[in-house]
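Each chain, written out:
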Amino acid sequence: MDELTILQAEVLRTLASPRRLAILHRLADGPCGVGQLADELRLSQPNVSQHLGVLRASGLVEADRDGREIRYRLADPEVMTACEIMRGVLERRLIRLASLSATARPADALVSRGTFHG
C-alpha cells in the first residue's frame, strides 16, 4: 500500500469518534480553548484534552498559545468539507433505505412480523 492510503486510513480512524467529530465541528466556528470546548460540548476537560491530543497527532488540529491559554484550531478547514460530503452520502443512504422500507409489499411486512401465513 502507498503511504497516502495508510495516512488516509489513520485519519479516518481518528474521525471515527463522535466526540472528535463534535470537537472538529465546534472548531470550524473558530479557535477555542479546552475549557470552553468542554463547557460547550458538555464533556470533561480531561476527555476533551485526550481527544484533542489524538486530533493533533493525526494533524487535523493545531494548538496556538494565547497568553496562558492554549487555543486549538483546525489545521486545514477543508477537513470540514470532507465531513460534509460524508454526511451527504449518509443522508442519501438513509433516504434510500427509508424509501425501500416504505415501498415494501404489505404481504412482506406481514410475513416478517409473523402475522401472515398465506
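Quick note: structure is the one above.
Note that the coordinates shown come from a computational prediction; the quantities given were computed from them, not determined experimentally. (Residues numbered from 1 in each chain as written. Predicted model: local features only at pLDDT ≥ 70, side-chain atom pairs only at ≥ 80, totals over all residues. Heavy atoms only, no water.)

Caption draft 1: Fine view of the packing of helix H2 (residues 18-27) against helix H4 (residues 45-57). Remark: H2 packs on H4, axes separated minimally by 10 Å, with the N-to-C direction vectors making an angle of 80 degrees. Relative to H4, the element H2 is oriented roughly perpendicular. The residues of H4 that touch H2, namely those facing Arg19, Arg20, Ile23, Leu24 and Leu27, are Asn47, Val48, His51, Leu52, Val54 and Leu55. Looking at the contact of H2 with H4 residue by residue, the class counts come to seven nonpolar, two polar and two charged. (Axes fitted to C-alpha atoms, helices over the stretch in contact; angles between N-to-C directions. Helix = DSSP H or I, 4+ residues; strand = E, 2+ residues; numbered from the N terminus. Parallel < 35°, antiparallel > 145°, perpendicular 65-115°, else oblique. Contact = heavy atoms within 4.5 Å. Nonpolar A, V, L, I, M, F, W, Y, C, P; charged D, E, K, R; others polar.)

Caption draft 2: Representation of the nonpolar core in the model. Ranked by internal contacts, the top residues of the largest apolar core, which has 19 residues, are Leu24, Leu27, Val48, Leu52 and Val61. Counting residues per element, the ones that place at least two in this core are H2, helix H3 (34-41), H4, strand E3 (69-74) and helix H5 (78-102). Sequence-distant contacts of leucine 27, defined by excluding residues within four places in its chain, comprise Cys32, Leu37, Leu52, Val61, Tyr72, Arg73 and Leu74. (Core = buried A, V, L, I, M, F, W, Y, C linked by side-chain atoms within 4.5 Å. Buried < 20%, exposed > 50% of the residue type's maximum accessible area, 1.4 Å probe, protein only.)

Caption draft 3: Expanded view of H5. The terminal C-alpha atoms of H5, which comprises 25 residues, lie 36 Å apart, in line with the 36 Å expected from a rise of 1.5 Å per residue. Residues of H5 that are buried: Val79, Met80, Cys83 and Gly88. Taken together, the buried residues of H5 touch H2 and E3. (Expected span 1.5 Å × (residues − 1).)

Caption draft 4: Inspection of the packing of H3 against H4 at higher detail. Between H3 and H4, the shortest axis-to-axis distance is 9 Å and the interhelical angle comes to 110 degrees. As the angle between them shows, H3 and H4 are arranged roughly perpendicular. By crossing handedness, the relation of H3 to H4 is classed as right-handed. Contact residues: Val34, Gly35, Leu37 and Ala38 in H3; Gln45, Val48, Ser49 and Leu52 in H4. For the contact of H3 with H4, a count of residues per class yields five nonpolar, three polar and no charged. (Left-handed = near helix turned anticlockwise from the far one by under 90°.)

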